[in-house]
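# Overview (structure and organization)
Here's the letter readout for the chains.
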Amino acid sequence: MGSFWQLTDVHVDLAKECSGTAPNWYGSFNGQYGCGCSVETVNATSIFMRTKMAIPDFILFTGDATASGTILANMNVIQGSLQAQFPVTPLFLVLGNHDFPGSPVGTEADAWYQQMADMWGKRWLDAPALAELRRFGYYSTTLPLLPRVRLVALNVCTPFELAPSVVLPILMSRVCSLVAADRALQPRERSCGQRADARCGTRAPYLAQHYASVHLCRAAAGLHCWTRADWDGDRLC
């Protein structure tokens, strides 16, 4: 598999609401539960990462850049800090729920996904992955240093806005199709969406949002389809 760093939920306090000044250079968490981390913390973290593993195969930033200040400015802090310590390491973004200036769907989201593609995707994503990020906020790509490994970066914020019964079966079909294509499986294994429709008729399976990540991981690993009934005993189909 190789090696990689994952950095998540940094929540930079760029406006210094509770960090970045003496004595709280790195953020005060003593009773300030909403406090983010200072720019100094971000830079110290990047330096620490380099001392522990200087040549990873890739770095994955899994979102939530902002505690205070603008999202783009905080993303610039994180991206710049990582690139200063890892100038030739592929760096990938997965958007978090705090990484949107508004709704993750609609006209505003369309413009935002294009900005994210310009900022995070141009250097390391291939053309199909870059096009997906520009349009949908998610993408899949092979890794430059690990060509047999496929990274599937989901946009899990969209189901918050749209009905999970509509979005997640489509998402599952996409994930399973990618895995199936990579493993050259039989056609009957290639689409969770099709298999779910056959099982449930016109009622697509509903997946609770907080089960989505585990569901996707199990589906990708075992290439089986689960409904919410497999988790909590409900009979929905």
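None of the values given here were measured: they were computed from a predicted structure.

### As for the side chain of Thr-66
Summarising the element assignment, Thr-66 is placed in strand S4 (residues 66–68). Side-chain polar atoms of Thr-66 contact the side chain of Asn-74, separated by 3.3 Å.

### As for the confidence of the model for the protein
Confidence in the prediction for the protein averages 75 pLDDT; 63% of positions are at 70 or higher. Confidence drops under pLDDT 50 across residues 185–237; counting only partners more than four residues distant or on other chains, this segment forms 80 contacts.

### Some points on the packing of aromatic side chains
Scanning all chains against the criterion turns up five aromatic pairs. Ring geometry for Phe-58 versus Phe-92: centroids 6.3 Å apart, planes at 65°, classification edge-to-face. With Phe-58 in strand S3 (residues 58–61) and Phe-92 in strand S5 (residues 91–93), this residue pair connects regions lying 34 residues apart in the sequence. Taken as a pair, Phe-58 and Phe-92 share a single burial class, namely buried. Members of the aromatic cluster, each reached through a chain of ring pairs, are Phe-4, Phe-58 and Phe-92.

### Observations regarding the pairing of strand S7 (residues 146–153)
Side-chain direction in a regular strand flips from residue to residue, so the side chains alternate between the two faces of the sheet. Of the strand pairs in this sheet, strand S6 (residues 139–143) and S7 are connected by five bridges, and their pairing is antiparallel. If you follow Thr-142 over to S7, its bridge partner there is Arg-150. Connecting the antiparallel pair S6 and S7 is a turn made up of two residues.

### Focus: the pattern of salt bridges
Counted according to the given criterion, the structure contains two salt bridges. One salt bridge connects Lys-122 with Asp-118, and the closest N-O pair in it is separated by 3.7 Å. Judged by its relative accessible area of 55%, Lys-122 is exposed. For Asp-118, a relative accessible area of 37% translates into the label partly exposed.

### Digging into the packing of helix H3 (residues 107–121) against helix H4 (residues 127–136)
Between H3 and H4, the shortest axis-to-axis distance is 6 Å and the interhelical angle comes to 145°. Along its contact with H3, which presents Asp-110, Tyr-113, Gln-114, Met-116, Ala-117, Asp-118 and Gly-121, the element H4 presents Leu-130, Leu-133, Arg-134, Arg-135 and Phe-136. The residue inventory of the contact of H3 with H4, partitioned by class, reads six nonpolar, two polar and four charged.

### Quick word on the sheet that holds S3
The pairing of strands in a sheet comes from backbone hydrogen bonds and takes either a parallel or an antiparallel form. On the basis of which strands lie adjacent, the open sheet formed by three strands has the order S1-S3-S5 and parallel pairing. Each of the sheet's edge strands pairs with one partner strand only, and the pair in question is strand S1 (4–7) and S5. With strand direction ignored, the average angle separating the axes of adjacent strands in the sheet is 20°. With four bridges joining them, S1 and S3 adopt parallel strand pairing. Its bridge partner lying in S3, Trp-5 is registered against Ile-59. Across the face of the sheet, helix H2 (residues 71–85) comes into contact with S1, S3 and S5 while running at roughly 155° to S5.

What counts and how
Residues numbered from 1 in each chain as written. Predicted model: local features only at pLDDT ≥ 70, side-chain atom pairs only at ≥ 80, totals over all residues. Heavy atoms only, no water. Helix = DSSP H or I, 4+ residues; strand = E, 2+ residues; numbered from the N terminus. Polar contact = N/O pair within 3.5 Å; in protein donor to acceptor, adjacent residues only side chain to side chain. pLDDT = per-residue confidence, 0-100. Contact = heavy atoms within 4.5 Å. Phe/Tyr/Trp six-rings, centres within 6.5 Å; stacked < 30°, edge-to-face > 60°. Buried < 20%, exposed > 50% of the residue type's maximum accessible area, 1.4 Å probe, protein only. Pairing = 2+ DSSP bridges. Salt bridge = Lys/Arg side-chain N within 4 Å of Asp/Glu carboxyl O. Axes fitted to C-alpha atoms, helices over the stretch in contact; angles between N-to-C directions. Nonpolar A, V, L, I, M, F, W, Y, C, P; charged D, E, K, R; others polar.

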